[in-house]
Amino acid sequence: MQTIGFIGVGKMATAIISGLDKNKFEIIISGHNLPKTKKQAEELNVKAAENHEELVQQSDFIVLSVKPQVLPSVLSQLINHLSKDKTLISIAAGLTLSDLKHLADSENQPIIRVMPNINAQIGQSTSAIVKNEFVDDSADEIAQEIFKAVGSVHEIAEKDFSTFAAIAGSSPAFIYMFIDAMARAGVLRGLPKDQATAIVSETVKASAEMLLKSGENPWSLVDKVSSPGGTTVAGVVSLEQNHFGGTVIDAISATIEREKYLK
């Protein structure tokens, strides 16, 4: 049985741990507050390590689920306990494989970088994954299994992580804004806000499922909903006249540019 250790037990780590098969993996957690960590371990039905060093010694996979600004100090404590038979998995935003290799102070350390999104909290994350050359196929499969427990996993080139962060990591905020605007339009026309929000949310969810299941191009589905001279096409034309597509693209581009500034 493979042992997975989680350093840091915030919302994301908790969601991932909750989705994992405890009969298939042994799971250990460690945090900065031992009494709190022990309580979390009891709630999650996993083991608690006394400290990060003990966790690394007992784990085959070490998931680094702390904040990016904290990770360097955490890894500095672990350098003497790492080895090539232990795979590091980082979900810290902004830290590249090269950064992690440098922080781990190891020339042949297997390292995997994963970027899940907020939907992991409901078991429907869309995650990106990339590995360095020291990760073997078996470790790669297990890493993917860990994150498939809370959603889908996409293997992408590391150079595309900033784009992924925008269209999968930041985009839920934009989608929530769209849902709220649609709901407020319903309120303007007399619907209660809670009811309007539920209606729009259900419609957005079903529309996304329709797109995924049909395999059709999004615009072909727009055409199917838009009858000649009808109400839908009038709304579509209004969105186009008000630069809806261009505004969304600009928002994604702004997100990517901001990440470059923060590095």
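An account of the accompanying structure is given in this report. Bear in mind that the values here come from a model prediction, so they are computed numbers and not experimental data. Position numbers for residues start from 1 in each chain and track the written sequence from start to end. Totals for whole chains, interfaces and linings use all residues, but because this is a predicted model, local features are given only for residues with pLDDT of at least 70 and pairs of side-chain atoms are given and counted only at 80 or more. Where side-chain values are given, they derive from all heavy atoms of the structure, hydrogens and water being excluded.

Overview of the pattern of salt bridges
Salt bridge criterion: a side-chain nitrogen from Lys or Arg within 4 Å of a carboxyl oxygen from Asp or Glu. In the structure shown here, the tally under the stated rule is nine salt bridges. For Glu26, the salt bridge is made with Lys47, and the minimal N-O distance between the two is 2.5 Å. Within this pair, whereas Glu26 is found in strand S2 (residues 25-30), its partner Lys47 is found in strand S3 (residues 47-48), the two being separated by 21 residues in sequence. Only protein chains enter the accessibility calculation, which uses a 1.4 Å probe; a residue is then buried when its area is under 20% of its type maximum, exposed when over 50%, and partly exposed in between. A relative accessible area of 47% means that Lys47 is categorised as partly exposed. Between Lys38 and Glu50 there is a salt bridge, with the nearest N and O atoms lying 3.9 Å from each other. Of this pair, Lys38 sits in helix H2 (residues 34-44) while Glu50 sits in the loop between S3 and helix H3 (52-58), placing them 12 residues apart in sequence. Residue Glu50 is classed as partly exposed on the basis of its relative accessible area of 44%. Linked by salt bridges that have partners in common, Asp180, Arg184 and Lys193 make up one network. Segments assigned H or I by DSSP are reported as helices when at least four residues long, segments assigned E as strands when at least two residues long, and all are numbered from the N terminus.

A word on helix H4 (residues 71-78)
Restricting attention to buried positions, one finds in H4 the residues Leu71, Val74, Leu75 and Leu78. When H4 is viewed along its axis, its buried side chains cluster within an angular range of 95° and face the same direction. Those residues of H4 hidden inside the fold are in contact with strand S1 (2-7), H3, strand S4 (61-64), strand S5 (87-90) and helix H5 (97-104). The arc refers to the directions leading from the helix axis to the C-beta atoms. The contact criterion used is simple: two residues touch if any of their non-hydrogen atoms lie within 4.5 Å.

As for the sheet that holds S3
The mixed open sheet is built from eight strands, whose spatial order is S3-S2-S1-S4-S5-S6-S7-S8. Edge strands, defined here as strands with exactly one partner in the open sheet, are S3 and strand S8 (151-155). Two strands qualify as a pair provided DSSP detects at least 2 bridges between them. Pairing of S1 with S4, which is carried by four bridges, proceeds in the parallel orientation. Note on S4: the bridge partner recorded for Ile4 is Phe61.

Brief notes about H5
Looking at H5, one finds that the buried residues are Leu97, Leu100, Leu103 and Ala104. Taken end-on, H5 shows its buried residues confined to a sector of 125°, consistent with a single buried face. Those residues of H5 that are exposed and angled more than 90 degrees off the buried face are Ser98 and His102. Where H5 is buried, its residues touch H4, S5, strand S6 (111-115) and strand S7 (125-131).

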